[in-house]
There are 2 protein chains.
Amino acid sequence: MTLFEAAAADMVTGPTVRVRITVAYDGTGFHGFAANIGVRTVAGVLAEALGRVLGHPIELSCAGRTDRGVHARGQVVTFDAREEGLDLPALARSVNHMCGPAVAVRDAAVVAADFDARFSATARRYRYLVLNRPDPDPFLARTAWHIERPLDRCAMVLACDPFIGEHDFTAFCRRPKRRHGEPDASLVRRVVEAGWSDDGDGVLRFEIEATAFCHQMVRSLVGTLVDVGAGRRAAGEMAGIIRAGDRAGAGDLAPPHGLTLWTVRYEGWSS
Amino acid sequence: MTLFEAAAADMVTGPTVRVRITVAYDGTGFHGFAANIGVRTVAGVLAEALGRVLGHPIELSCAGRTDRGVHARGQVVTFDAREEGLDLPALARSVNHMCGPAVAVRDAAVVAADFDARFSATARRYRYLVLNRPDPDPFLARTAWHIERPLDRCAMVLACDPFIGEHDFTAFCRRPKRRHGEPDASLVRRVVEAGWSDDGDGVLRFEIEATAFCHQMVRSLVGTLVDVGAGRRAAGEMAGIIRAGDRAGAGDLAPPHGLTLWTVRYEGWSS
């Protein structure tokens, strides 16, 4: 086969359909979701497997570009696939055999041509686990931040209140690089729910849902809330940190491995 | 230091106490519990860490010698330690930092001198997880046997009944090597509970408690029960397989990674 023929074989010919898949992954061995040259990423592994099974290259859109080491249970991804001969259950099975056990396609469906994993999403929900007890748990080592010193959960619950509603989260975000001549992107986000639950055996679960998140926002919030739990900050300081809009005012980032993109909501469907 | 001095420094001097620890481990990277030359075992890693912190060699006794790849949440281990200067919380912390995250000491206590992790145990409880749905779960890849084809849980529940009570489990065990001139060791065991639960999302949980288990007994039982769930055997065949006492009558061994030593019971305490 000549190079020209190889390229031609890679083209999508005939009508295509928009496909939506729900993906779970253990982010431990990945440099984040987004494809990046020279490193192993979830999108890289997925796109390669999907492309091999479909027989044509694909372009992925995803609901949440998770960072290095962050996990997902309900990541949503869309792409266009050639309609002819498309067998979604077979596609999911093949991709799972190629990408498993770290990445799993949980669900695959044909959706409207204008449905986009990222732009059609109405809300994202993240979960962060803290294991707060003296002894570690080998089965939570990959998915929970182990903090030996007892945290004051009541103070951490109280400290969540000021985050709910629409705020400028500049203090809790890594500001995206500004392109020359462009105005700063808005870091205003609407948080619809944020709180801690006690799952027993020392497991504290933080759940937060927002229309969208800025970069590193959940980890920055958790780091700051754990400061409150450890008595290094007062719960009452949160509103002031938001208002000041200074990243130095927030706590350190919580480590990535405690964080999981849990679910993404759309009009009439959620992952 | 001469060799003689090194050996002398290793001796336990002064009064000792019996210490009981509860240990959790992710068995994925270990060649089982029992110490074995040239391979990484849980006992090997633990004994080395404990010996280093205590400053003298120790000999471990354990409640259940789990096989390669099998996990534990409530393994119980006893050993003798020099009484002078013994600080159990500090010992647990140090060992956890040395052995983590795969091995964790959850609890440490001084017990009566005649308490032995193995011989004082009155019952052991194991748990086996099966993930029974088409799509895999990256977060259960290390701890559940993934079976895509739907299993008949009702048949599997029914099939457990004949195992309850005192039986000769020859058909479900790897017979221990007989020493010359010794009679065969008894493979009679008393099962006090055995059953399947549905944990949702396709997770089927098998729990079994017995006074003691023979080698590979739980994995052999699970393999046979899954045969029933898959329709390869009838639930009514179980009593006959027990009576026949022929290993060829039982199913294949279930893979080790679904199995976890969950808890061990003693007079007045359980892990």
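Residues numbered from 1 in each chain as written. Chains lettered and ligands numbered in written order. Predicted model: local features only at pLDDT ≥ 70, side-chain atom pairs only at ≥ 80, totals over all residues.

1. Let's talk about the relation of the copies chain B and chain A
And then number 1: Superposition record for chain B on chain A: RMSD 0.0 Å, screw rotation 180°, translation along axis 0.0 Å. As the rotation angle and translation indicate, the two copies are arranged about a two-fold axis. When C-alpha positions in chain B are compared against the rotation axis, the closest is assigned to Phe139 of chain B, at 4.8 Å.
And then number 2: When the interface residues of chain B are mapped onto chain A, 100% of them again fall at the interface, so both copies present the same face. (Least-squares fit on C-alpha atoms with pLDDT ≥ 70 in both. Contact = placed C-beta atoms within 7 Å.)

2. Some points on the domain arrangement of chain A
Residue and element names in this part refer to chain A.
And then number 1: Split by domain assignment, chain A resolves into domain 1 (3-111) and domain 2 (123-270).
And then number 2: Between domain 1 and domain 2, the residue contacts involve 15 residues of the former and 12 residues of the latter.
And then number 3: The class makeup of the residues in the side of domain 1 that touches domain 2 is four nonpolar, seven polar and four charged. (Domains from an automatic or database assignment. Nonpolar A, V, L, I, M, F, W, Y, C, P; charged D, E, K, R; others polar.)

3. Focus: the packing of helix α2 (residues 42-54) of chain B against helix α3 (residues 88-99) of chain B
Residue and element names in this part refer to chain B.
And then number 1: Relative orientation of the contacting elements α2 and α3 amounts to 130°, with a least axis distance of 9 Å. By the angle class used here, α2 and α3 are oblique. Where α2 crosses over α3, the handedness of that crossing is right-handed. Where α2 abuts α3, its residues Val45, Leu46, Ala49, Leu50 and Val53 lie against Leu91, Ser94, Val95, Met98 and Cys99.
And then number 2: Split into classes, the residues belonging to the contact of α2 with α3 amount to nine nonpolar, one polar and no charged. (Axes fitted to C-alpha atoms, helices over the stretch in contact; angles between N-to-C directions. Helix = DSSP H or I, 4+ residues; strand = E, 2+ residues; numbered from the N terminus. Parallel < 35°, antiparallel > 145°, perpendicular 65-115°, else oblique. Left-handed = near helix turned anticlockwise from the far one by under 90°.)

4. Notes on the packing of helix α4 (residues 153-160) of chain B against helix α5 (residues 217-229) of chain B
All names here are of chain B.
And then number 1: Close contact between α4 and α5 brings their axes to 8 Å; oriented N to C, the two are set at 135°. Comparing the axis directions of α4 and α5 gives the class oblique. When the axes of α4 and α5 are compared, the crossing they make is right-handed. Judged by residue contacts, Arg153, Ala155, Met156, Ala159 and Cys160 of α4 engage Leu225, Val228 and Gly229 from α5.
And then number 2: Counted by class, the contact of α4 with α5 contains six nonpolar, one polar and one charged residues.

5. Quick notes on the interface of chain B and chain A
And then number 1: Facing 19 residues of chain B, the contacting portion of chain A comprises 19 residues.
And then number 2: At the level of elements, β1 (16-25), α3 and β4 (103-111) of chain B are the ones that each hand at least two residues to the side of chain B that touches chain A.
And then number 3: With four residues, the single largest contributor to the side of chain B that touches chain A is β4 of chain B.
And then number 4: Each residue belonging to the side of chain B that touches chain A can be placed in one class, and the counts come to 12 nonpolar, three polar and four charged.

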